[in-house]
Amino acid sequence: MTQIPAETTARPAPRIRVELVDHEISLQPLRDFIVDADTGAHAWFEGVTRRMTGSLQTILLSYEAFVPMATRQLNALAEEAAARFSLTAIAITHRLGEVPVGEASIVIGCSAAHRVGPLAALPWLMDRIKADVVVWKREHFADGQTQWIHPR
Amino acid sequence: MHCRVLLFAAARDLAQSDALAVDVPPPVTAGAVLDAIARRYPHLAPLLPVCRLAVDQSFVTADAAIPPGVELALIPPVSGG
């Protein structure tokens, strides 16, 4: 019986890109990163500053992070997601500083041969990011008030 | 043991500083560090029950022993994404 060499059966290591940035997130570099001729599905999530929270009008959100720890956490989550959902590539960018209404605070893009993995990876990642990654947002309301958001 | 603790978000605003220092009597655990912060910085006390402690950038439970020389961070509930 012919033995298939191990290197042809092993899946290549997933490509991972994690960034914390202090400017508007541009999608094209992320798209370029997750594109791969052997992928048939690219899935995206953008979290965007929303104007109204209940009856309160938001002007902008500002984000701060414990940057080295958040970077480590995001890399670990990206690795785990890639393994769990058979991803070919994954890019996570979180914006810090001021994020005006309508602009993205987080963008996640991931790719795989088929759609099931990337589509399932996005909610899995967002739930974990919101639970554990050391980033905080502060609401800046139209009436001039500001408030750190510390969900309990 | 003398412990320096990094502060973020509402905790940093309440303390008006990005770090604080406390002396923690042995045995030095994460819970004992939080208790010492509550005694020394009473205005932080209301936030502490919902905070976690990170040791060298990993979360620990209240009973975790804190060795000398590690980096401590007080982590209020996160709200990224």
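Quick look at the structure, then. (Residues numbered from 1 in each chain as written. Chains lettered and ligands numbered in written order. Predicted model: local features only at pLDDT ≥ 70, side-chain atom pairs only at ≥ 80, totals over all residues. Heavy atoms only, no water.)

**Some details on the pattern of salt bridges**
Piece 1. One pass over the structure, following the stated rule, counts eight salt bridges over all chains.
Piece 2. Between Arg12 of chain B and Glu64 of chain A there is a salt bridge whose closest N-O contact spans 2.6 Å. In this pair, Arg12 of chain B sits in helix α1 (residues 9-15) while Glu64 of chain A sits in strand β4 (residues 56-65), so the two residues belong to two different chains.
Piece 3. For Arg12 of chain B, a relative accessible area of 23% translates into the label partly exposed.
Piece 4. By relative accessible area, which is 13% here, Glu64 of chain A ends up buried.
Piece 5. The partner of Asp13 of chain B in a salt bridge is Arg138 of chain A, and the shortest N-O contact between them spans 2.8 Å. With one member in each of two chains, Asp13 of chain B in helix α1 and Arg138 of chain A in strand β8 (residues 135-141) form a pair that bridges those chains. (Salt bridge = Lys/Arg side-chain N within 4 Å of Asp/Glu carboxyl O. Helix = DSSP H or I, 4+ residues; strand = E, 2+ residues; numbered from the N terminus. Buried < 20%, exposed > 50% of the residue type's maximum accessible area, 1.4 Å probe, protein only.)

**Looking at the interface of chain B and chain A**
Piece 1. Taken together, the 23 residues of chain B in the interface contact 27 residues of chain A.
Piece 2. When chain B packs against chain A, the two sides together hide about 2,000 Å² of surface, and 56% of this comes from carbon and sulfur.
Piece 3. If you sort the residues of chain B by the area they bury against chain A, Gln57, Ser79 and Gly81 of chain B come out on top, with a joint share of 32%.
Piece 4. On inspection of chain B and its partner chain A, the count reaches three salt bridges.
Piece 5. For the interface between chain B and chain A, the tally reads 19 residue pairs in polar contact (both at pLDDT 80 or more).
Piece 6. The residue inventory of the side of chain B that touches chain A, partitioned by class, reads 13 nonpolar, five polar and five charged. (Contact = heavy atoms within 4.5 Å. Buried area = accessible area lost by both parts, 1.4 Å probe. Polar contact = N/O pair within 3.5 Å; in protein donor to acceptor, adjacent residues only side chain to side chain. Nonpolar A, V, L, I, M, F, W, Y, C, P; charged D, E, K, R; others polar.)

**Details of helix α3 (residues 67-84) of chain A**
In an α-helix, one turn spans 3.6 residues; hence positions three or four apart end up facing the same way.
Piece 1. Taking 1.5 Å as the rise per residue, α3 of chain A with 18 residues should run 26 Å; its terminal C-alpha atoms sit 25 Å apart, in good agreement.
Piece 2. Directly after α3 of chain A, the chain includes Ser86 of chain A, whose backbone phi takes a positive value near 55°. (Expected span 1.5 Å × (residues − 1).)

**Considerations on the packing of aromatic side chains**
Piece 1. Applying the stated criterion across every chain, the model contains three aromatic pairs over all chains.
Piece 2. Ring geometry for Phe85 of chain A against Trp124 of chain A: centres 5.7 Å apart, planes inclined by 70°, an arrangement best described as edge-to-face. Placement of Phe85 of chain A in the loop between α3 and β5 (89-95) and of Trp124 of chain A in helix α4 (residues 116-132) is noted, with a sequence separation of 39 residues between them. Side by side, Phe85 of chain A and Trp124 of chain A carry an identical accessibility label, which is buried.
Piece 3. Taking 5.2 Å as the distance between ring centres and 10° as the angle between the ring planes, the aromatic pair formed by Trp136 of chain A and Phe8 of chain B counts as stacked. In this pair, Trp136 of chain A sits in strand β8 while Phe8 of chain B sits in the loop between β1 (2-6) and α1, so the two residues belong to two different chains.
Piece 4. Ring pairing ties together the aromatic residues Phe66 and Trp136 of chain A together with Phe8 of chain B, which thus form one cluster.
Piece 5. Directly above the ring of Phe33 of chain A sits Arg15 of chain A, whose terminal nitrogen or CZ lies 5.4 Å from the centroid.
Piece 6. Positioned over the ring face of Tyr41 of chain B is Arg40 of chain B, at 4.9 Å from the centre of the ring. (Phe/Tyr/Trp six-rings, centres within 6.5 Å; stacked < 30°, edge-to-face > 60°. Lys NZ or Arg CZ within 6 Å of the ring centre and 35° of its normal.)

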